[in-house]
Amino acid sequence: MEPLHFEELYPETTRNEEINKIVEILRTGRSCQVIGIPGSGKSNVLRLLAYNKKIRLKHLGDDQEIFHFIYMDFSEMRGRSLFDIIKFIFISLSYSLGERGFTKEQEAVNAALRESLEFSDELILFQGLKKSVDFLAIEHKLYLVFLFDRFEDYVPNIDERFFPDLKILRNRVKYNFLAVFAVTRPIEDTIEAPLFGDFYEFIVGNTIFLPIKDPVGLDFRFSYIEQITKSKGSPEARAEIEKLTGGHGKLAKLSYETYLAEEKIKNLEEFLLSKKQIRAALFEIWEYLTAEEKADIAGGAPNDFLEKVGLTNSNKLSVPLLASYVKTRPSTVASQKITYDSERNEINKGDENISDKLTPSEFRLLRYLIINVDRVAEKDEIIQNVWQDTKTQQGVTDQALDQIIYRLRKKIEEDPNKPVHIQTVKGRGYKFSS
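Residues numbered from 1 in each chain as written. Predicted model: local features only at pLDDT ≥ 70, side-chain atom pairs only at ≥ 80, totals over all residues. Heavy atoms only, no water.

**Some words on empty space enclosed by the protein**
Now for step 1: In this structure the tally under the stated criterion is 2 cavities of 30 Å³ or more.
Now for step 2: Contributing to the lining of the largest cavity are L82, I85, I86, I89, F126, L129, F162, D165, L166 and L169.
Now for step 3: Of the residues belonging to the lining of the largest cavity, the class tally is 9 nonpolar, no polar and 1 charged.
Now for step 4: Counted as a void, the second largest cavity has a volume near 30 Å³.
Now for step 5: Taken together, D296, I297, A301, P302, N303, L306, T312 and N315 make up the lining of the second largest cavity. (1 Å grid on protein atoms, 1.4 Å probe; cavity = no way out; pocket = protein on both sides within 12 Å on 5 of 7 lines; lining within 4 Å. Points joined across faces, edges and corners; volume = space filled by probe spheres on them. Nonpolar A, V, L, I, M, F, W, Y, C, P; charged D, E, K, R; others polar.)

**Quick look at the nonpolar core**
Now for step 1: Counting 84 residues, the largest nonpolar core has F74, F148, F151, F162, F163, F181 and L311 as its most contacted members.
Now for step 2: With 9 residues, helix 4 (residues 82–99) is the largest single contributor of residues to this core.
Now for step 3: Those residues in contact with F148 that lie beyond four places of it in its chain are L46, M72, F74, I89, F162, L166, A179, V180, F181 and A182.
Now for step 4: Listed in part, the 27 residues of the second largest apolar core include I25, L46, Y71 and V180. (Core = buried A, V, L, I, M, F, W, Y, C linked by side-chain atoms within 4.5 Å. Buried < 20%, exposed > 50% of the residue type's maximum accessible area, 1.4 Å probe, protein only. Helix = DSSP H or I, 4+ residues; strand = E, 2+ residues; numbered from the N terminus. Contact = heavy atoms within 4.5 Å.)

**What about the packing of helix 14 (residues 276–288) against helix 17 (residues 320–328)?**
Now for step 1: As a packed pair, helix 14 and helix 17 sit with axes 10 Å apart at the nearest point and diverge in direction by 90°. In terms of axis orientation, helix 14 runs roughly perpendicular to helix 17. Of the residues in helix 17, those touching helix 14 at I278, R279, L282, F283, I285 and W286 are L321, L322, Y325, V326 and T328.
Now for step 2: In terms of residue class, the contact of helix 14 with helix 17 is made up of 9 nonpolar, 1 polar and 1 charged. (Axes fitted to C-alpha atoms, helices over the stretch in contact; angles between N-to-C directions. Parallel < 35°, antiparallel > 145°, perpendicular 65-115°, else oblique.)

**Here's the deal with unusual backbone geometry**
Phi is mostly negative for residues that are not glycine, and the peptide bonds are mostly trans.
Now for step 1: For R150, which is not glycine, the phi dihedral falls at a positive 50°.
Now for step 2: For R150, a relative accessible area of 33% translates into the label partly exposed.

Encoded structure:
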């Protein structure tokens, strides 16, 4: 029988340490977040939990029958309404039951879904989801684990009711409702406390940083590529690619595929850097970094976050190919002009659109400062104008505003400790210079 999902083919020891940590947290009734740089394999980890029975048996034993994982790719939900989000979760829950062979349970959930959709009402749809969660968790004793993949893609347009709704589901069935978020940065650093606060107590302290290299998974992918291409590289070439890419999942896979497609290569590093698909993967990693992180890498300065996600080791890049790629890029101008495009509702730094790097609050704040360029904006004025259309204004104190400004500086300033764009005016507020 052909597998339904590619992840079913992976060996049971794939991502062994990270999955073990996740399972340990879930067994205590807590939720968690898995953090890794782009292309490092966060999606793979979540899909392994959902679709690889060998891995579930290894880590959960017989309990794998009562732990039910519901995989959801939230990159599909960017810009969607909360109604669409609830429907997506509902449909994903039903589909996952069918894949596990829980036929009667799926029929019951489908019936609740059809009944709820007849009214096209968000509240009624959520009531139907609650009813289904109660049915599965309380009556059938299942531990429901919602796997939110690529969650950062939803963050820019996150509805303020999303986390309160998750808390409602959790409070109804207690430890039988769990969630795992796969993100590129800690949720608490990308979503303001008033939005995330309702669910924070269930996830605080439960963070797994994903190393960029998984030896077992990488060896499997190399062997699988050889199988489907009917080509085989030399052990020396495989070892060199693993070294050049630091074992980074996406980069190593692309590099090996590219290498196997060529007959004669004199210099492997130069060859890989000449290929558009490889440079695109390197560009994705580099552009994910904040201005401060890029400066730390360039200066060999310590950066705790980059060490935790494995992009640096002892303050040096752990991906030699990325280090070589950075040298080929044009020097960054220390103070690129920051502008707001009202027609596109985008913020640009030089030629780069940086809107996606900002949280909703950071975007609104920076947009307001840009519109009021070269004048002092008082703190009270900023809070009243930037958060006027949300229910979170009461949670934005002067101290909270200072913290958001600090995070914003880390994303747009070359040196956050010596800001060029956002100047502090003591006792009053902030002044922006483009």
